[in-house]
Amino acid sequence: MWVLLLVLPGAACMFSMGVGLWVICNHFFTTDIPAAISHPVRLRVLHCLFQLLVTWGTIFEKLGICSMPQFVSFIHDLPPLKQDPDVVVKDLCFGTIPVKVYQPRMSSCTPRRGVLFFHGGAAIIGSLKTHHAICCRLSKESDSVVVAVGYRKAPQHKFPTPIRDCLVASIHFLRSLDVYGVDPARVVVCGDSAGGGMAAVMCQKLMDRSDLPKIRAQILVYAVVQIVDFQLPSYQQNVNAPMVNRNFAFRCFCYYMDIHPSWKSVIMKRAHLPVEVWEKYRKWLGSENIPERFKKRGYQEVPPVAHNEDAYLETHHALDLMNMPLIAEDEVVSRLPEACIVSCEYDLLRDNSLLYKKRLEDLGVPVIWHHMEDGFHGVLNMLSMPCFQFPCTTRVLNAMVHFLKGL
């Protein structure tokens, strides 16, 4: 008995050290840290810490203890939230959906802008806590009322539950703007990553609601506006990018869409959709819509091949407009409000932003575009971690604030 008590902690310690060593070695062998990134050592440490969480989460998932996203979310939400004396934060529920409402403490004699904020995290991680610092700063620096929506996430709540939660919360807020002192003519939707895609979807879903105030503008920070093509230039160039590489992005896709990972090779070959589907959406999804300067780091077009019917049957719901605001009809996109789009060069999802920017501009929708040449996916989230902030972290926030102040 005493021998077991001595051996088990030692074995657990050795195993933990082994996991950490494997993560570090794997990082140096598989992750590309771009030369243009400032503070490369800081990014290496940040990426290793994130991969350590994902690795432990994967171990616990295989042991049947909890899913990887549950573990990562649990650790992300552990640190206490820092309060800002200039911002009043309230935890409320719109129906059954938790929200955080951020209001500048100083009173205003006129109604303020309202910002509906949808957090990123691939709809599997991320939370009201992980994006607290972002919302706090947005509210304070733009003098706006920010409502962050705590939608349910996969794998417990797969598509379309997160989108439906966002829609319900948005409608609730738009019906009660006077309660929060918000100007009905200045309501903005905003989000990063998956949350950016949700913001784009909210614009499209709410545009014909005559019983609700119109959305004034949209702020999309490295938004996910398409999830069917994993071979766009940025997906090839940043296949091993820090924080979100293509393997991790595909894993998130499977959790959210409830698709079996065994279809990976088929999807990567673009064989999960019929050729006629690719042709139908080529005018919006095709790589020819990406400016040539974004292909200089290398790009090899992968032409569609004969599709796998079984894969198509299991994955075609990815074409739902709630996942693909990029492919909405011209009649819808042309009536969308003006947009502020932020993209990052070393981001797997960079081309999502470029494609959506082109669609909006081609149809006459005003777009203000900020491209971070030294940016990577998730850089905005570093606002909550001062020791891991990068120069473009502040630039992204400043771009958002400046856009809001101009409305």
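Here, the structure is the one placed above.
Because the structure is predicted, anything quoted here is derived from the model rather than measured.

Definitions and cut-offs
- Residues numbered from 1 in each chain as written.
- Predicted model: local features only at pLDDT ≥ 70, side-chain atom pairs only at ≥ 80, totals over all residues.
- Heavy atoms only, no water.
- Axes fitted to C-alpha atoms, helices over the stretch in contact; angles between N-to-C directions.
- Helix = DSSP H or I, 4+ residues; strand = E, 2+ residues; numbered from the N terminus.
- Parallel < 35°, antiparallel > 145°, perpendicular 65-115°, else oblique.
- Left-handed = near helix turned anticlockwise from the far one by under 90°.
- Contact = heavy atoms within 4.5 Å.
- Nonpolar A, V, L, I, M, F, W, Y, C, P; charged D, E, K, R; others polar.
- Pairing = 2+ DSSP bridges.
- Salt bridge = Lys/Arg side-chain N within 4 Å of Asp/Glu carboxyl O.
- Buried < 20%, exposed > 50% of the residue type's maximum accessible area, 1.4 Å probe, protein only.
- Right-handed = clockwise from strand over helix to strand, strands pointing away.
- Disulfide = S-S within 2.5 Å.
- Core = buried A, V, L, I, M, F, W, Y, C linked by side-chain atoms within 4.5 Å.
- Polar contact = N/O pair within 3.5 Å; in protein donor to acceptor, adjacent residues only side chain to side chain.

Moving on, we get to the packing of helix α4 (residues 132–142) against helix α14 (residues 391–405). Two numbers describe a pair of packed helices, the interaxial angle and the distance between the axes. Their axes nearest at 9 Å, the elements α4 and α14 cross at an angle of 40°. It follows from the interaxial angle that α4 and α14 lie oblique. When the axes of α4 and α14 are compared, the crossing they make is right-handed. In contact with Arg137, Leu138, Glu141 and Ser142 of α4, α14 contributes Leu397, Asn398, Met400, Val401, Leu404 and Lys405. Residues that form the contact of α4 with α14 fall into these classes: 5 nonpolar, 2 polar and 3 charged.

In this structure, strand β1 (residues 87–94) lies alongside strand β2 (residues 97–104), joined through 8 bridges in antiparallel fashion. Each residue of the ladder has a partner; that of Val89, found in β2, is Tyr102. The hairpin formed by β1 and β2 contains 2 residues between the paired strands, and Gly95 there has a positive phi angle of roughly 70°.

Turning next to the side chain of His119. Of note, His119 is situated in the loop between β3 (112–118) and α4. Among residues more than four places away in sequence, those in contact with His119 are Ile125, Gly126, Ser127, Leu128, His131, Val149, Tyr151, Lys153, Asp192 and Gly195.

Tallying each qualifying case throughout the model produces 25 salt bridges. Residue Arg186 is joined to Asp183 by a salt bridge in which the shortest nitrogen-to-oxygen separation is 3.2 Å. Members of the salt-bridge network, linked through shared partners, are Arg297, Glu345, Arg350 and Asp351.

Another point: the sheet that holds β3. Whenever strands of a sheet pair, they do so through backbone hydrogen bonds, lying parallel or antiparallel. In space, the 8 strands of this open sheet follow the order β1-β2-β4-β3-β5-β6-β7-β8, with mixed pairing throughout. Edge strands, defined here as strands with exactly one partner in the open sheet, are β1 and β8 (367–376). The sheet shows a mean angle of 20° between the axes of neighbouring strands, taken without regard to direction. The pairing of β3 with strand β4 (residues 144–149) spans 6 bridges and is parallel. Pairing of Phe117 across the sheet is with Ala148, part of β4.

Counting buried residues along β3, 7 of its 7 residues qualify, which places the element largely inside the surrounding structure. When β3 meets strand β5 (residues 182–192), the two strands line up parallel, connected through 6 bridges. Following the sheet pairing, Leu116 is matched in β5 by Val189. In this fold, β3 hands off to α4, which returns the chain to β4; that crossover is right-handed.

Here, disulfide denotes a covalent bond that connects the sulfur atoms of two cysteines. Inspection of the entire model under this criterion finds 0 disulfides. For the unlinked cysteine Cys190, the closest cysteine sulfur is that of Cys135, found at 7.8 Å. Owing to a relative accessible area of 0%, Cys190 belongs among the buried residues under this scheme.

So, about the nonpolar core. Within the largest apolar cluster, 142 residues are counted, with the highest numbers of intra-cluster contacts made by Leu138 and Phe253. With 9 residues, the single largest contributor to this core is helix α8 (residues 246–257). Excluding residues within four positions of it along the chain, Leu138 makes contact with Phe117, Asp143, Val146, Cys190, Leu397, Met400, Val401 and Leu404.

Locating Asp165 in the fold gives a position in helix α5 (residues 161–174). Separated by 2.9 Å, the side chains of Asp165 and Arg152 make a polar contact. Residue contacts for Asp165: discarding those within four places in its chain leaves Ile97, Val149, Tyr151 and Arg152.

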